[in-house]
Amino acid sequence: MNTVTKKMTKQEIFELKERIQAQIINESQPSYTYYQVKTNECTITAYTSGKVVFQGKNIDWLAPQEPSIMPQAGSDEVGTGDYFGPVVVCACIVNKEHMEYLQTLGVHDSKQITDNAILKMAPKIMELCPHSVLVVSNKKYNEVHLSHNMVDIKCLLHNQAYINLESKGYTLPDFIIIDQFVQEKTYYKYLAKMPKVIRSIHFETKAENKYISVACASIIARYTFLQSWKKMEEAYNFHFEKGAGSKVDLCARAFVEKFGKDALSDVAKLHFANTKRI
Ligand code: MG
């Protein structure tokens, strides 16, 4: 458990609560406080003295950030750890004038934001920031996976997401960040045969909680993934499980019983070990 303490004005304290409203799961008012709220990631206690205490396992993003280089573009992917559902990659450009607004939205790592909050936030980001999203359906993914591995596919998608931003007429900033999933050398090796490769990219792990452009890309990708997921559930009138664990095995077995083995290639990533298990 980590603790971060900040000094804030009364106005800032109430603005903070407003900003995270969608993420609050429990609220109380102990003595000498304006409020104490609980989200999935932390507990925030705002004292009338102006002291605000954040407690949680994953609150690194609260620590003061280094001033970011602007403008910047970032990209991230979603769905690569889920047996069911598509792979989505998004690249997003953030300009200096949009920073403040994005920060007040509470933009940070999408993994730490609830699905409900993502659904509210993402459309606002998409309205503001130039972005390109690639959705690889399961059918297409399974075809491509016959000749490319998952890392290879991710490299191609990130590169393509940036190319699409350019095709839309946007100029890519000098500072481009990829939430690192592979060594830089390997990334360019996989792209060696591509007619166009976006270069001079900065690779960093956990970039989604360090760079606002990666956080935005991550949120948009997650949002798109959730939309696709909803469509998939509606199309089959079936509840799919996220992840790739034992619950997913049970779910996949039920799916095969209902729709047959062949239908699996339209909703799942077949190379996952889940396929053999079921
Ligand atoms: Mg990532």
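Every value quoted in this text rests on a predicted model; they were computed, and no experiment measured them.

What follows covers the overall build of the protein chain. In terms of helices and strands, the protein chain carries 9 helices and 10 strands. In terms of C-alpha radius of gyration, the protein chain reaches 21 Å, essentially the compact-globule figure of 19 Å for 278 residues. Overall, the C-alpha framework of the protein chain stretches about 60 × 45 × 30 Å when taken along its three principal axes. A sequence separation of at least 24 residues applies to 67% of the contacts in the protein chain between residues at least 6 apart. Of the roughly 14,500 Å² of accessible surface on the protein chain, 50% is carried by carbon and sulfur atoms.

Here we come to the packing of aromatic side chains. All chains considered together, the criterion is met by 19 aromatic pairs. Measuring from ring centre to ring centre gives 6.2 Å for Tyr236 and Phe240, while their planes differ by 90°; the resulting arrangement is edge-to-face. Judged by its relative accessible area of 1%, Phe240 is buried. One aromatic cluster is present, formed by Tyr83, Phe84, Phe225, Trp229, Tyr236, Phe238, Phe240, Phe255, Phe259 and Phe272 through successive ring pairs. Lys51 extends its terminal NZ or CZ atom over the ring of Tyr47, reaching a point 5.4 Å from the ring centre. Above the face of the Trp229 ring, Lys242 is positioned so that its terminal group lies 4.9 Å from the ring centre.

A separate point is the side chain of Asn159. Tracing the backbone shows Asn159 in helix H5 (residues 150-167). Look past the residues within four positions of Asn159 in its chain and what remains in contact with it is Tyr187, Leu191, Lys196, Val197 and Ile198.

With that out of the way, let us pick up the sheet that holds strand E6 (residues 72-78). Spatially, 5 strands are ordered E8-E7-E6-E9-E10 in an open sheet, and the strand pairing comes out mixed. In this open sheet, the two strands that pair with only one neighbour each are strand E8 (131-136) and strand E10 (201-204). Averaged over all pairs of adjacent strands, the angle between strand axes in this sheet comes to 15°, irrespective of strand direction. Across 7 bridges, the pairing between E6 and strand E7 (residues 87-94) is antiparallel. Looking at E7, one finds that Glu77 is bridged to Val89. Most of the contacts of helix H7 (residues 212-236) go to E6, to which it runs at about 35°, and overall it touches E6, E7, E8 and strand E9 (175-179).

A few words now on the pairing of E9. Counting buried positions over the 5 residues of E9 gives 5, a clear majority of the element. Along E9, one buried face is formed by Phe175, Ile177 and Asp179 and the opposite face, lined by Ile176 and Ile178, is buried too. Pairing analysis gives 4 bridges linking E6 to E9, with the strands arranged parallel. When the sheet's bridge partners are listed, Ala73 is paired in E9 with Ile176.

If you check H5, its first and last C-alpha atoms are 25 Å apart, about what 18 residues at 1.5 Å a residue would give, namely 26 Å. Every buried residue of H5 is accounted for by Met150, Asp152, Ile153, Lys154, Cys155, Leu157, His158, Asn159, Ala161, Tyr162, Ile163 and Leu165. Between a side-chain oxygen at the N-terminus of H5 and the backbone nitrogen of Val151 the separation is 3.0 Å; the capping residue is Asn149.

Strand pairs in the sheet, formed through backbone hydrogen bonds, run parallel or antiparallel to each other. Judged by pairing direction, the sheet is antiparallel, and its 5 strands sit side by side in the order E1-E5-E4-E3-E2 without closing on themselves. The sheet is open, and its two borders are formed by strand E1 (2-7) and strand E2 (26-28), each paired with just one other strand. Strand-to-strand twist in this sheet, taken as the mean axis angle between neighbours without regard to direction, amounts to 15°. Bridge analysis of strand E4 (residues 42-47) against strand E5 (residues 51-56) gives 5 bridges, and the strand direction is antiparallel. Looking at the pairing, Ala46 lines up with Val52 of E5. Across the sheet, helix H1 (residues 10-19) lies against E1, E2, strand E3 (33-38), E4 and E5, angled at about 25° from E3, the strand it touches most.

What follows deals with the nonpolar core. Ranked by size, the top nonpolar core spans 70 residues in total, and within it Phe84, Leu102, Val107, Ile125, Tyr162 and Tyr187 carry the most contacts. Of the residues forming this core, the biggest block, 12 residues, is contributed by H7. Counting 13 residues, the second largest nonpolar core, distinct from the first, contains Ile13, Tyr35, Val37 and Ile44.

Each protein donor to the magnesium ion is listed here as Asp76 (OD) and Asp179 (OD); together their distances run 2.1 to 2.2 Å. Residue Asp76 is found in strand E6, and its partner Asp179 is found in strand E9; the two are separated by 103 residues along the sequence. With respect to class, Asp76 is no different from Asp179; both count as buried.

Each value, and the rule that gives it
- Residues numbered from 1 in each chain as written.
- Predicted model: local features only at pLDDT ≥ 70, side-chain atom pairs only at ≥ 80, totals over all residues.
- Heavy atoms only, no water.
- Helix = DSSP H or I, 4+ residues; strand = E, 2+ residues; numbered from the N terminus.
- Rg over C-alpha atoms; globule rule 2.2 N^0.38 Å.
- Contact = heavy atoms within 4.5 Å.
- Areas by Shrake-Rupley, 256 points an atom, 1.4 Å probe, with all protein chains shown as cover.
- Phe/Tyr/Trp six-rings, centres within 6.5 Å; stacked < 30°, edge-to-face > 60°.
- Buried < 20%, exposed > 50% of the residue type's maximum accessible area, 1.4 Å probe, protein only.
- Lys NZ or Arg CZ within 6 Å of the ring centre and 35° of its normal.
- Pairing = 2+ DSSP bridges.
- Axes fitted to C-alpha atoms, helices over the stretch in contact; angles between N-to-C directions.
- Expected span 1.5 Å × (residues − 1).
- Polar contact = N/O pair within 3.5 Å; in protein donor to acceptor, adjacent residues only side chain to side chain.
- Core = buried A, V, L, I, M, F, W, Y, C linked by side-chain atoms within 4.5 Å.
- Donors = N, O, S within 2.8 Å, 3.2 Å for Na, K, Ca; no water.

Limitation: the analysis is restricted to geometry and does not speak to function.
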